[in-house]
Amino acid sequence: MERRTRVYPARKPFSRWISLFLLLLSAVLMVSGVVLPRTQDDLSILRIPQATTPPVDTPFDDAPASREITLPSSQWYALQLGAFEDAEAARKCADQFTARGAGGYIWQDARYRVLAAVYPLKEDAQQVRQQLDSQHGVDSYLYSVDLPALKLRLNGMQGQLDILEAAFVHASDLVVQLQRLSVLMDRQERSVDEVLTETAQIGQLLQTVSQRLKQRFTVPRPACVEGLIASFDSFLSFALDMDSSTSLVKLGSALKRQTLSSLHALKQIYDTLGNT
C-alpha cells in the first residue's frame, strides 16, 4: 500500500524576517510609551500673569521712559443732608449730624454740600436714605460723584512712572477700603480696635507711597502728584488722631468723613488730569 505523506508549504525566508521586524518594532513602541520620558511637546505649562499693583519699593531707575495707563471709571452715591451758599451755614448743619454719627463732610463745588456717607451702589444708598427718613426723620438727597475713565501718557524717568502709577491705584483703593470699613462699623461687625488695626496697616503702605512721591518728584511737582500726596497725608493724620479710647460714634463719623475726603481728593485729581 502506498504511504501518503502530508506536505506543508515551506516558509519563505523573507516573510519570516518581516514578522520578526514588526514584532521588534511593536516592542520598541511599547517601551517608548511606558519607560522613556515624555518629550517637552507632550505638556506645556505657561504662567498667566495677573494684574497687580505696581511695586513701591523698587530701586529708583532714572532711565527716560514713556507709557500709557488708564485710570478706571467709577461712580459713587453720597447722601446729601443739605446744600448751602456759604460755608458757615454748611458747617452748622454738618456739626449737628456729626454728633449723631454722620460724616458731616462739606463738599464744595458750586455750593457747599453737607454729605453724610457715600456708597458705590445706588441701591445701597437708596436703602440707607429710606432708613434715615423712616427711622430718624432725616430727609436726604442722592448726590452722584462720577469719575470717568482717563487714558494717560506718562513721560519721565522710569522710577517716577512706577511710583506714580502705583499711587493712582492706591488712591482709588483707599476710598474702597475706607467705605468698606465704614459699612462694617455701621453693621457692628468691626470693633474700634479692629478698625484701628486695619487703618494702621493701610497707613504703613500709604506712608511709603507718599515718601516715594516726595523723593522722586522735586518741587514744583505736577498737580496730580501734589494731590496724591495731600490725599495720603490726610489719611495718615486721620489714622494718628484715632486711638482705642475713641468711641464708636466718633470713629464711625470720622471714618465716613475721611472716606468722603479721600473721594473728593480723587475727584479733583481726575478733574485736573481731564483738563490737562
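In the block above lies the structure referred to throughout.
Quick caveat: nothing in here was measured; it's all calculated off a predicted structure.

**Focus: the nonpolar core**
Turning to step 1, where the next piece is worked out: In terms of nonpolar packing, the biggest core is built from 52 residues, with Phe 168, Leu 213 and Leu 228 touching the most fellow members.
Turning to step 2, where the next piece is worked out: Excluding residues that lie within four positions of it along the chain, Leu 213 makes contacts with Ile 163, Leu 164, Ala 167, Arg 221, Val 225, Leu 228, Ile 229 and Phe 232.
Turning to step 3, where the next piece is worked out: Leu 81, Ala 90, Ala 116 and Val 138 belong to the second largest nonpolar core, which has 17 residues in total.

**Observations regarding the environment of Asp 139**
Turning to step 1, where the next piece is worked out: One can find Asp 139 in the loop between α3 (122-136) and β5 (141-147).
Turning to step 2, where the next piece is worked out: Look at Asp 139 and you get exposed, because its relative accessible area is 60%.
Turning to step 3, where the next piece is worked out: As a C-alpha pair, Asp 139 and Gln 80 span 59 residues in sequence and 8.9 Å in three-dimensional space.
Turning to step 4, where the next piece is worked out: Those residues in contact with Asp 139 that sit more than four places away from it in its chain are Gln 80 and Leu 81.

**Details of the packing of aromatic side chains**
Turning to step 1, where the next piece is worked out: Applying the stated criterion across every chain yields a total of three aromatic pairs.
Turning to step 2, where the next piece is worked out: Ring geometry for Trp 107 against Tyr 143: centres 6.0 Å apart, planes inclined by 70 degrees, an arrangement best described as edge-to-face. Highlighted residues: Trp 107 in strand β3 (residues 105-108) and Tyr 143 in strand β5, separated in sequence by 36 residues.
Turning to step 3, where the next piece is worked out: The class of Trp 107 is buried, set by a relative accessible area of 3%.
Turning to step 4, where the next piece is worked out: Three or more aromatic residues link up through ring pairs in this structure, and these residues are Tyr 105, Trp 107 and Tyr 143.

**A short note on the environment of Leu 184**
Turning to step 1, where the next piece is worked out: Within the secondary structure, Leu 184 sits in helix α4 (residues 158-186).
Turning to step 2, where the next piece is worked out: For the pair formed by Leu 184 and Gly 252, sequence separation is 68 residues and the distance between their alpha carbons is 9.8 Å.
Turning to step 3, where the next piece is worked out: Every residue in contact with Leu 184, bar those within four places of it in the chain, is listed here: Glu 189 and Arg 190.

**So, the pattern of salt bridges**
Where charged atoms from two side chains of opposite charge approach closely, those side chains can pair.
Turning to step 1, where the next piece is worked out: A complete count under the given rule lists 13 salt bridges for this structure.
Turning to step 2, where the next piece is worked out: Arg 67 is paired through a salt bridge with Asp 162; the nearest N and O atoms lie 2.7 Å apart. Remark: Asp 162 occurs in helix α4 and Arg 67 occurs in strand β1 (residues 64-71); sequence separation between them is 95 residues. Here the two residues Arg 67 and Asp 162 agree in accessibility, since each one is buried.

**As for the sheet that holds β5**
Turning to step 1, where the next piece is worked out: The four strands lie next to each other as β3-β4-β2-β5, forming an open sheet whose pairing is antiparallel. Looking at strand neighbours, the two that pair on one side only are β3 and β5, the edges of this open sheet. The mean angle between the axes of side-by-side strands here comes to 50 degrees, regardless of whether they run parallel or antiparallel.
Turning to step 2, where the next piece is worked out: Where α3 meets the sheet, it contacts β2 (74-84), β4 (112-119) and β5, and its direction lies at approximately 25 degrees from that of β2.

**As for the packing of α4 against helix α7 (residues 248-274)**
Turning to step 1, where the next piece is worked out: Two numbers describe how α4 lies on α7: the axes approach to 9 Å, and their chain directions differ by 155 degrees. With respect to α7, the axis of α4 lies roughly antiparallel. Every pair of crossing elements has a handedness; the one defined by α4 and α7 is left-handed. Judged by residue contacts, Phe 168, Ala 171, Ser 172, Leu 174, Val 175, Leu 178, Gln 179, Leu 181, Ser 182, Met 185 and Asp 186 of α4 engage Leu 248, Leu 251, Gly 252, Leu 255, Lys 256, Gln 258, Thr 259, Ser 262, Leu 263, Leu 266, Ile 269 and Leu 273 from α7.
Turning to step 2, where the next piece is worked out: In terms of residue class, the contact of α4 with α7 is built from 14 nonpolar, seven polar and two charged.

**Section: the side chain of Arg 113**
Turning to step 1, where the next piece is worked out: Take Arg 113: it is sitting in strand β4.
Turning to step 2, where the next piece is worked out: Among the polar contacts listed, one links the side chain of Arg 113 to the side chain of Gln 80, at a separation of 3.1 Å.
Turning to step 3, where the next piece is worked out: If sequence neighbours within four positions are ignored, Arg 113 has contacts with Gln 80, Gly 82, Ala 83, Tyr 105, Ile 106, Trp 107 and Tyr 143.

**A look at the packing of α4 against helix α5 (residues 192-216)**
Turning to step 1, where the next piece is worked out: Between α4 and α5, the shortest axis-to-axis distance is 10 Å and the interhelical angle comes to 160 degrees. What the angle tells us is that α4 and α5 run roughly antiparallel. When you trace α4 past α5, the crossing you get is left-handed. Residue-level contacts link Gly 159, Gln 160, Ile 163, Leu 164, Ala 167, His 170, Leu 174, Gln 177, Arg 180, Leu 181 and Met 185 of α4 to Val 195, Glu 198, Thr 199, Ile 202, Leu 205, Leu 206, Val 209, Arg 212, Leu 213 and Arg 216 of α5.

Cut-off values and rules
- Residues numbered from 1 in each chain as written.
- Predicted model: local features only at pLDDT ≥ 70, side-chain atom pairs only at ≥ 80, totals over all residues.
- Heavy atoms only, no water.
- Core = buried A, V, L, I, M, F, W, Y, C linked by side-chain atoms within 4.5 Å.
- Buried < 20%, exposed > 50% of the residue type's maximum accessible area, 1.4 Å probe, protein only.
- Contact = heavy atoms within 4.5 Å.
- Helix = DSSP H or I, 4+ residues; strand = E, 2+ residues; numbered from the N terminus.
- Phe/Tyr/Trp six-rings, centres within 6.5 Å; stacked < 30°, edge-to-face > 60°.
- Salt bridge = Lys/Arg side-chain N within 4 Å of Asp/Glu carboxyl O.
- Pairing = 2+ DSSP bridges.
- Axes fitted to C-alpha atoms, helices over the stretch in contact; angles between N-to-C directions.
- Parallel < 35°, antiparallel > 145°, perpendicular 65-115°, else oblique.
- Left-handed = near helix turned anticlockwise from the far one by under 90°.
- Nonpolar A, V, L, I, M, F, W, Y, C, P; charged D, E, K, R; others polar.
- Polar contact = N/O pair within 3.5 Å; in protein donor to acceptor, adjacent residues only side chain to side chain.

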